[in-house]
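# Descriptive analysis of the structure
Letter by letter, the chains look like this.
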Amino acid sequence: MYDLKWIRDTPDLLDEGLKRRNLEPISAKILELDKQHRAVQSELQDLQARRNEASKLIGVAKRNGEAADELMAEVATIKTGMAEREAADNVLAVQIQEILASIPNRPKDDVPVGQDEADNVLVRLGGEKPSLSFAAKQHFELGEQLEQMDFETAAKLSGARFVLLRGSVARLYRALSQFMLDLHVDEHGYTEVIPPVLVRDHVMYGTGQLPKFAEDSFRTEDGFWLIPTAEVPLTNTVAGDILNENDLPKRMTALTPCFRSEAGSAGRDTRGMLRQHQFDKVEMVSIVHPEKSDAELERMVGCAEDVLDKLGLHYRVVTLCTGDMGFGARKTYDIEVWLPGQDAYREISSCSTCGDFQARRMNGRFRPAEGKKPEFVHTLNGSGVAVGRCLIAVMENYQQEDGSIIVPEVLKPYMGGTDIIRPDA
């Protein structure tokens, strides 16, 4: 969300940001609507002033026993004119609001300009690729061979893009979830939160999912939205609030189910668990002072990397280009884990700084310690990490030639003594 005064003062900056995102300029359209809106409001003020003046004159005439028919007719005409202009004012206000709500965030200056993921920029590599002496299998091949990853039964229950996990693979999934939460709470200083996973329109609007991306989410018949990520409820915990500066930063983490319609992804990743309608994710959200948001982004990425480092997984960190970056982000790092079965890197975490973009939409502010007027907070969000994709990575990287899977050392305390997952486990 943008400050209309900022657009009036610096329209070129708005259009330059849109150009970097490969979008058409829009400031001229906004400013024309704003001009019309302010003209209507000025007319309303003039009419209101004249109505007040005429009403006083009517009162004087009546006290003096004089006729006031002409004044009363004028007031009636003014009321009609005001109603027409109030209607026009409302229409213009809605038009401006809808346009502002549909404009993506302005990229930071250091974000590389590009069209799509091919233009993302490598930042660093982490961990080492496993050296397998045999042809690696994909996770769904391993899971089905173990008879603990069942897509057929899930399809019977819910259709495509669902999975049913059993036995030790199900426990491994749970172990990963608990390990991530414990790490972020005990070592990274996040506060664990269990938020609602059903939210109302204004909550989805606050983080930018509405109105533009309604088709990407699921909505119940009575008006709730199933959250696409815990970013939505966690970030909105400060909606409408004025925090004290000393309360910042606020760091929260949550393990929740996430729900996505996968609109527009027909034919992509149809096999396996990579792209599901329902999945679990450990989310990290930070609410910070504007001067701290750049450093907080680097910190958040480090927290996500720590998950993969402790699991002994190989990955790379990339900076997303302007054409591949999400709607609400000013800058995004993706962490892509190595999957031997696919012989490819796949996204497992995405960490973004949104500046004050979400804060403006949800009116989340803080009061500076020196007593100045409230300012908008900065918000950040990141995966720490996607549980299903982490399960895929562990299975493919720790697979053995016979199809068994070694349990990573850090997960053994969560696995009840299981060191290796076999078909009979």
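On a predicted model such as this, the values are computed, not experimentally measured, just so you know. All residue numbers here refer to positions counted from 1 along the written sequence of the relevant chain. Two thresholds apply to this predicted model, a pLDDT of at least 70 for residue-level local features and 80 or more for giving and counting side-chain atom pairs, whereas whole-chain, interface and lining totals are computed over all residues. Hydrogen atoms and water are omitted, and side-chain values are computed over all heavy atoms in the structure.

### Regarding the packing of aromatic side chains
- Pairing of aromatic rings covers Phe, Tyr and the six-membered ring of Trp, with a centre-to-centre limit of 6.5 Å; geometry is then stacked below 30 degrees between planes, edge-to-face above 60, and tilted otherwise. On inspection of all chains with the given rule, the structure shows five aromatic pairs.
- Ring geometry for F327 and F357: centres 5.6 Å apart, planes at 75°, overall edge-to-face. Of this pair, F327 sits in the loop between β11 (315-319) and β12 (331-339) while F357 sits in helix α11 (residues 357-362), placing them 30 residues apart in sequence. No difference in accessibility class separates F327 from F357, as the two residues are buried.
- Here W338 and Y345 contribute two aromatic rings whose centre-to-centre distance is 5.1 Å and whose plane-to-plane angle is 65°, an arrangement assigned as edge-to-face. Neither W338 nor Y345 differs from the other in exposure class; each is buried.
- Among the aromatic side chains, those forming a connected cluster through ring pairs are Y2, W6, F213, F327 and F357.
- One cation-aromatic arrangement involves R200 over F224; the distance from NZ or CZ to the ring centre is 3.8 Å.
- Over the ring of Y205 we find R361, and its NZ or CZ is 4.3 Å from the ring centre. Under the DSSP-based scheme used, a helix requires at least four consecutive residues in state H or I and a strand at least two consecutive residues in state E, with every element numbered from the N terminus. Partly exposed residues are those whose accessible area sits between 20% and 50% of the maximum for their type, while under 20% is buried and over 50% is exposed, using a 1.4 Å probe and protein chains only. Only Lys NZ and Arg CZ are tested; either one counts as a charge over a ring when it is within 6 Å of the ring centre and within 35 degrees of the ring normal.

### Describing the sheet that holds strand β6 (residues 218-219)
- The antiparallel open sheet is built from three strands, whose spatial order is β5-β7-β6. What marks the edges here is a single partner per strand, and that holds for β5 (198-199) and β6.
- Whether two strands pair comes down to DSSP finding at least two bridges between them. By the bridge criterion, two bridges tie β5 to strand β7 (residues 225-226) in an arrangement that is antiparallel. If you follow V199 over to β7, its bridge partner there is W225.

### Re the packing of helix α2 (residues 11-20) against helix α3 (residues 27-63)
- Running from N to C, α2 and α3 cross one another at 140°; their axes reach a closest spacing of 9 Å. Relative to α3, α2 is oriented oblique. Contacts between α2 and α3 involve P11, L14 and D15 from the former and S27, I30 and L31 from the latter. Interaxial angle, 0 to 180 degrees, is taken between N-to-C directions of lines fitted to C-alpha atoms, where a helix line uses only the stretch in contact. Put simply, angles under 35 degrees are roughly parallel, angles over 145 are roughly antiparallel, angles from 65 to 115 are roughly perpendicular, and the rest are oblique. Should any heavy atoms of two residues lie within 4.5 Å, those residues are considered in contact.

### Details of the side chain of Q209
- By secondary structure assignment, the location of Q209 is in the loop between α8 (201-206) and β6.
- Engagement of the side chain of Q209 in a polar contact is seen with the side chain of T207, the distance being 2.5 Å.
- When sequence neighbours within four positions are dropped, the list of residues in contact with Q209 reads M204, A214, P228, E231 and V232. Under this definition, polar contacts are N or O atom pairs within 3.5 Å; protein pairs additionally need one hydrogen-donor-capable and one acceptor-capable atom, and for neighbouring residues in sequence, both atoms have to be side-chain atoms.

### Concerning the nonpolar core
- Ranked by internal contacts, the top residues of the largest apolar core, which has 52 residues, are L176, M180 and L391.
- The greatest single-element share of this core, amounting to nine residues, is contributed by helix α7 (residues 167-186).
- Setting aside anything within four residues of it in sequence, one finds M180 in contact with V282, V307, G384, V385, V387 and C390.
- Counting 18 residues, the second largest nonpolar core, distinct from the first, contains I7, V40, L92 and F327. For this analysis, a nonpolar core means a set of buried residues of the types Ala, Val, Leu, Ile, Met, Phe, Trp, Tyr and Cys, connected via side-chain atoms within 4.5 Å.

### Here's the deal with the pairing of β11
- The element β11 is largely enclosed, with a buried count of four among its five residues.
- Looking at chain direction, strand β1 (residues 121-126) and β11 are connected through five bridges and run antiparallel. Across the sheet, residue L125 finds its bridge partner in β11, namely R316.
- Here β11 pairs with β12 via five bridges, running antiparallel. Within β12, the position partnered with Y315 by the bridge is V337.

### Some words on the packing of α7 against helix α12 (residues 387-397)
- It is at 10 Å that the axes of α7 and α12 come closest, and there the two elements cross at 115°. Between α7 and α12 lies a crossing of right-handed hand. Along the contact surface, α7 presents V169, L172, Y173, L176, S177 and M180, while α12 presents V387, G388, C390, L391, V394 and M395.
- Among the residues forming the contact of α7 with α12, the class breakdown is 10 nonpolar, two polar and no charged. Note on convention: near helix rotated counterclockwise from far helix by under a right angle means a left-handed crossing. Clockwise means right-handed. Each residue is assigned to one class: nonpolar for Ala, Val, Leu, Ile, Met, Phe, Trp, Tyr, Cys and Pro, charged for Asp, Glu, Lys and Arg, and polar for all the others, Gly among them.

### Description of the sheet that holds strand β8 (residues 242-244)
- Read from one edge to the other, the open sheet built from three strands follows the order β8-β14-β15, with strand pairing classed as mixed. Bordering the open sheet on either side are β8 and β15 (375-376), each of which pairs with just one other strand.
- Pairing analysis gives two bridges linking strand β14 (residues 365-367) to β15, with the strands arranged antiparallel. Each residue of the ladder has a partner; that of F366, found in β15, is E375.

### Describing the pattern of salt bridges
- Salt bridges are counted wherever a side-chain nitrogen of Lys or Arg sits within 4 Å of a carboxyl oxygen of Asp or Glu. Inspection of every chain in the model, using the stated rule, returns 24 salt bridges.
- A salt bridge links D110 to K331; its shortest N-O distance comes to 2.7 Å. Of the two residues, D110 is situated in the loop between α4 (69-102) and β1 and K331 in strand β12; the sequence distance between them amounts to 221 residues.
- With a closest N to O distance of 2.6 Å, R316 and E336 form a salt bridge. Of this pair, R316 sits in strand β11 while E336 sits in strand β12, placing them 20 residues apart in sequence.
- Sharing partners across several salt bridges, the network here consists of R8, D34 and R38.

### Some thoughts on the pairing of strand β16 (residues 378-386)
- Taken across its nine residues, β16 has nine buried, putting it largely inside the fold.
- Of the pairings in the sheet, the one linking strand β10 (residues 278-288) to β16 comprises seven bridges and is antiparallel in character. Its bridge partner being in β16, V285 is matched across the sheet by N381.
- Relative to β16, strand β13 (residues 344-353) is paired through three bridges, and the arrangement is antiparallel. Bridge pairing in β16 links T353 to L380.

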